[in-house]
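Examining the three-dimensional arrangement
The chain contents come next:
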Amino acid sequence: MAKGPKIKKYTPASTVLTAVFVVICLVWVMPIFEVVTNSLKSNAHINLDVFALPNADSFVGFANYITGMTFGNYPFMKSAGYSVFISVASTGLILLCCSMAAWYIVRVQSAFARFFYYLCLFSMIVPFQMVMFTLTDTAGSLKLDTPWTIPIIYLGFGAGLAIFMFVGFVKGLPLEIEEAAAIDGCGPVRTFFNVVLPMLKPTLISVGILELMWVWNDYLLPYLVLDITEYRTIPIHVQYLKGSYGTVDLGATMAVIMMAILPIIIVYLFCQKYIIKGVAAGAVKG
């Protein structure tokens, strides 16, 4: 006789843990909820009570979103365009270069490869504040202070985590497949792109999402490197939502913040299973 599925019994300890995690979840979601509600309220009502829900008097619909997109002399869509380009280009560059570097480190196993790997790991623990002033001068000297060249800087800062995750996954790939490709006449380049890269898909997706969220939300690096009178990303655009005498339109600010976080939240919700799968695969196989 076939046995039915086991019914999980809830113990007092599991009930307490569930309650704790529910509270933690609410704490994390609360700021986003406040941004959404305040983006639909008038500026005067936000100043009166930030935590109040929109009502018939305070609700302004999408007026704050329109104001946020048209405020000042710098278009919001221009900032969004720069953010999209920098995020996509930086993430693509990190994935391509770091996956190739990880494959080289694992397969070559030379003293130089090990030194390079540990150097990348060391870069993960160096605070950005230690190098940011030197970085500004260096970026200006090397003409890396434009949206078209700043992905090179992001490659340097994002390589540590990416190579660490890629190396852990590449170690678990069967070498026999690459040897068979070499016997069939594939050189190193064709072997990587036709054989290795497709097998790296779980880690490519997880690393790509993590790096994309980091670059999209980054404020400090573009602010230090770019000429903000000409190039602004969305986080920098939010800072300049000020009127005369430094007054801030909180409604418009909340609306722009919501437009900034919504795309990355959607990407994360659709791809979170790949993040977990890729991180777990790299951790186990490494």
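Above this text is the structure in question.
Below, the structure is looked at part by part. Model, not experiment: these values are computed from the prediction.

1. Focus on the nonpolar core
- By size, the foremost hydrophobic cluster in this structure holds 25 residues, and its most contacted members are Cys98, Ile163, Phe166, Val167 and Leu200.
- Among the elements of the structure, helix 4 (76-108), helix 5 (111-123), helix 7 (150-170), helix 9 (188-199) and helix 10 (201-217) are those that each provide at least two residues to this core.
- Per-element accounting of this core gives the leading share, nine residues, to helix 7.
- Discounting residues that sit within four places of it in the chain, valine 167 has contacts with Ala102, Ile105, Val106 and Tyr117.

2. Here we look at empty space enclosed by the protein
- On inspection of all chains with the given rule, the structure shows one cavity of 30 Å³ or more.
- One number sums up the size of the largest cavity: a volume of about 50 Å³.
- If you trace the largest cavity, you find it lined by Ser83, Ile86, Ser87, Tyr154, Val215, Trp216, Asp218, Pro222, Thr233 and Pro235.
- Top contributing element to the lining of the largest cavity by residue count: helix 4, with three residues.
- A breakdown of the residues in the lining of the largest cavity according to their chemical character gives six nonpolar, three polar and one charged.

About the criteria used
Residues numbered from 1 in each chain as written. Predicted model: local features only at pLDDT ≥ 70, side-chain atom pairs only at ≥ 80, totals over all residues. Heavy atoms only, no water. Core = buried A, V, L, I, M, F, W, Y, C linked by side-chain atoms within 4.5 Å. Buried < 20%, exposed > 50% of the residue type's maximum accessible area, 1.4 Å probe, protein only. Helix = DSSP H or I, 4+ residues; strand = E, 2+ residues; numbered from the N terminus. Contact = heavy atoms within 4.5 Å. 1 Å grid on protein atoms, 1.4 Å probe; cavity = no way out; pocket = protein on both sides within 12 Å on 5 of 7 lines; lining within 4 Å. Points joined across faces, edges and corners; volume = space filled by probe spheres on them. Nonpolar A, V, L, I, M, F, W, Y, C, P; charged D, E, K, R; others polar.

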